Amino acid sequence: MRTEAARRQEEEAVISVLRDELRTLRATDPGMSLLTAVEYITSDPAHRIAVYRRCSAEDRSIRTSGMGQDDPRLLKIASSVAKDLALLERRAMGEGFQV
């Protein structure tokens, strides 16, 4: 029987590998959106959501460096991320995954 800590560690390892795959995929196709890339690398709804959340946070920090807090582009980026996450969550629920 696996302990909760072991399960979390295993899950973190899977997410880490998926993040690496995602970076490689997007490097070979820079025009690919984060959402499309995440959906391409895994069919597991929980992994899609976890990888998207982590990678979107990384992307956001890169894309928004140098922007002030009042920059209207920040709202647009946040809105886009929220829409993508909502889409992933709806799809996950449609596949029977509890979000």
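As a reminder, the structure under discussion sits directly above these lines.
Residues numbered from 1 in each chain as written. Predicted model: local features only at pLDDT ≥ 70, side-chain atom pairs only at ≥ 80, totals over all residues. Heavy atoms only, no water.

Turning our attention to the nonpolar core. Among the nonpolar cores identified, the biggest contains 18 residues, and Leu22, Leu34, Val38, Ile41, Val51 and Tyr52 are the most heavily contacted of them. Contributing elements (two or more residues each) for this core: helix 1 (4-28), helix 2 (34-41), helix 3 (45-63) and helix 4 (72-94). Sorting elements by how many residues they give to this core places helix 2 first, with 5 residues. Apart from the residues lying within four places of it in its own chain, the contact partners of Tyr52 are Leu34, Leu35, Val38, Ser80, Val81, Asp84, Leu85 and Leu88. (Core = buried A, V, L, I, M, F, W, Y, C linked by side-chain atoms within 4.5 Å. Buried < 20%, exposed > 50% of the residue type's maximum accessible area, 1.4 Å probe, protein only. Helix = DSSP H or I, 4+ residues; strand = E, 2+ residues; numbered from the N terminus. Contact = heavy atoms within 4.5 Å.)

Now for the pattern of salt bridges. Tallying each qualifying case throughout the model produces 8 salt bridges. With a shortest N-O distance of 2.8 Å, Arg54 and Glu12 are connected by a salt bridge. On the criterion of sequence distance, the pair formed by Arg54 in helix 3 and Glu12 in helix 1 is long-range, its members being 42 residues apart. Look at Arg54 and you get partly exposed, because its relative accessible area is 31%. Here the residues in one salt-bridge network are Arg19, Asp20, Arg23 and Glu58, joined through shared partners. (Salt bridge = Lys/Arg side-chain N within 4 Å of Asp/Glu carboxyl O.)

Where helix 1 contacts helix 2, the axes come no closer than 10 Å and their chain directions differ by 125°. Of the possible angle classes, the one that applies to helix 1 and helix 2 is oblique. Here helix 1 runs over helix 2; the crossing is right-handed. In this structure, helix 1 contributes Leu18, Glu21, Leu22, Leu25 and Arg26 to the contact, and helix 2 contributes Leu34, Ala37, Val38, Tyr40 and Ile41. Residues belonging to the contact of helix 1 with helix 2 are distributed by class as follows: 8 nonpolar, no polar and 2 charged. (Axes fitted to C-alpha atoms, helices over the stretch in contact; angles between N-to-C directions. Parallel < 35°, antiparallel > 145°, perpendicular 65-115°, else oblique. Left-handed = near helix turned anticlockwise from the far one by under 90°. Nonpolar A, V, L, I, M, F, W, Y, C, P; charged D, E, K, R; others polar.)

What follows deals with the environment of Ser33. In this structure, Ser33 sits in the loop between helix 1 and helix 2. Along the chain, Ser33 and Gly68 lie 35 residues apart, while their C-alpha atoms are 24 Å from each other. Side-chain polar atoms of Ser33 contact the side chain of Thr36, separated by 2.9 Å. (Polar contact = N/O pair within 3.5 Å; in protein donor to acceptor, adjacent residues only side chain to side chain.)

Attention now moves to the side chain of His47. Assignment of secondary structure puts His47 in helix 3. Every residue in contact with His47, bar those within four places of it in the chain, is listed here: Glu11, Val14, Ile15, Leu18 and Thr42.

As for its placement among the helices and strands, Arg48 is situated in helix 3. With a relative accessible area of 13%, Arg48 lands in the buried category. A distance of 2.9 Å separates the side chain of Arg48 from the backbone oxygen of Thr42, its partner in a polar contact. When near neighbours in sequence (up to four residues on either side) are disregarded, Arg48 contacts Val38, Glu39, Thr42, Ser43, Leu88 and Glu95.

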